[in-house]
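# Coordinate inspection notes
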Amino acid sequence: MNIKKIEFQFKEEMAKIKGQMEKLKMGDPFQDPDHVIDNASVDTDVREQEAHQLIEVELSTLSKRLNDIERAISRINSKKYGICARCSRDIPEKRLELLPEAAYCVDCEDKLTS
Ligand SMILES: [Zn+2]
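Criteria and thresholds
Residues numbered from 1 in each chain as written. Predicted model: local features only at pLDDT ≥ 70, side-chain atom pairs only at ≥ 80, totals over all residues. Heavy atoms only, no water. Helix = DSSP H or I, 4+ residues; strand = E, 2+ residues; numbered from the N terminus. Rg over C-alpha atoms; globule rule 2.2 N^0.38 Å. Areas by Shrake-Rupley, 256 points an atom, 1.4 Å probe, with all protein chains shown as cover. Donors = N, O, S within 2.8 Å, 3.2 Å for Na, K, Ca; no water. Buried < 20%, exposed > 50% of the residue type's maximum accessible area, 1.4 Å probe, protein only. Axes fitted to C-alpha atoms, helices over the stretch in contact; angles between N-to-C directions. Parallel < 35°, antiparallel > 145°, perpendicular 65-115°, else oblique. Left-handed = near helix turned anticlockwise from the far one by under 90°. Nonpolar A, V, L, I, M, F, W, Y, C, P; charged D, E, K, R; others polar. Contact = heavy atoms within 4.5 Å. Phe/Tyr/Trp six-rings, centres within 6.5 Å; stacked < 30°, edge-to-face > 60°. UniProt positions renumbered as here; feature names shortened; annotations may be inferred.

### Here we look at the overall build of the protein chain
The secondary structure content of the protein chain amounts to 4 helices and 0 strands. Of the regular secondary structure in the protein chain, the N- to C-terminal order runs α-α-α-α. In terms of C-alpha radius of gyration, the protein chain reaches 19 Å, well past the compact-globule figure of 13 Å for 114 residues. Here the C-alpha coordinates of the protein chain stretch approximately 60 × 30 × 20 Å along the principal axes. Split by element, the accessible area of the protein chain, about 8300 Å² in all, is 54% carbon and sulfur.

### Re the coordination of the zinc ion
Only Cys84 (SG), Cys87 (SG), Cys105 (SG) and Cys108 (SG) from the protein coordinate the zinc ion, and they sit 2.3 Å from it. Taken in sequence order, the residues that donate to the zinc ion follow the motif C-x2-C-x17-C-x2-C. With cysteine 84 in the loop between helix H2 (42-77) and helix H3 (93-98) and cysteine 105 in the loop between H3 and helix H4 (106-113), the pair connects residues that are 21 residues apart, well separated along the chain. Exposure class is identical for cysteine 84 and cysteine 105. Each is buried.

### Some thoughts on the packing of helix H1 (residues 3-27) against H2
A pair of packed helices is captured by two measures, namely the crossing angle of their axes and the spacing between those axes. Direction vectors running N to C along H1 and H2 enclose 160°, while the axes themselves pass 10 Å from each other. With respect to H2, the axis of H1 lies roughly antiparallel. Of the two possible hands of crossing, H1 and H2 adopt the one that is left-handed. Grouping the constituent residues of the contact of H1 with H2 by class yields 15 nonpolar, 4 polar and 8 charged.

### Regarding the side chain of histidine 52
Structurally, the position occupied by histidine 52 is in helix H2. Discounting chain neighbours no more than four positions away, the residues touching histidine 52 are Asp28, Pro29 and Phe30.

### Considering unusual backbone geometry
Even without being glycine, lysine 79 reaches a positive phi, approximately 60°. The topology assignment puts lysine 79 in the loop between H2 and H3. Of note in this structure, serine 88 is not a glycine but carries a positive phi near 65°. What makes serine 88 exposed here is its relative accessible area of 55%.

### Structural notes on the packing of aromatic side chains
Inspection of every chain in the model, using the stated rule, returns 1 aromatic pair. For the pair phenylalanine 10 and tyrosine 81, a centre-to-centre distance of 6.2 Å together with 80° between the ring planes defines the contact as edge-to-face. Here the residue phenylalanine 10 occupies a position in helix H1, and tyrosine 81 occupies one in the loop between H2 and H3, the gap between them amounting to 71 residues. Here tyrosine 81 falls in the buried class, since its relative accessible area comes to 7%.

### So, the UniProt feature "domain: Zinc finger DksA/TraR C4-type" (unreviewed entry) in the protein chain
This chain's UniProt record puts "domain: Zinc finger DksA/TraR C4-type" (unreviewed entry) on residues 80-111. Each end of residues 80-111 is marked by a C-alpha atom, and these two atoms are 21 Å apart; helix forms 38% of the span and strand 0%.

Shown next, in the form of structure tokens:
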């Protein structure tokens, strides 16, 4: 397992996610400084509300992923990367290939999410 490469990929991924979040925020109608004085019809309001909510959901998904990656990087720094944060067993490499930011082995993940 090439930790340096994984760390590099994490950093690239983080930059990508941050870029996506910026773009999403710019697309948010509520982000518009003119919004408060906007006298749009109720229809437009509902549409903007929905667009805003969709963006919020996407943003929270992205920021969760960002958090996971940040935590994975700090595990790399403290030499705990690839070790389950719950049972301290090695996380199988196959799993890390699929989910590089995984903090738990499959068993623990199942127990934590069910
Ligand atoms: Zn475990």
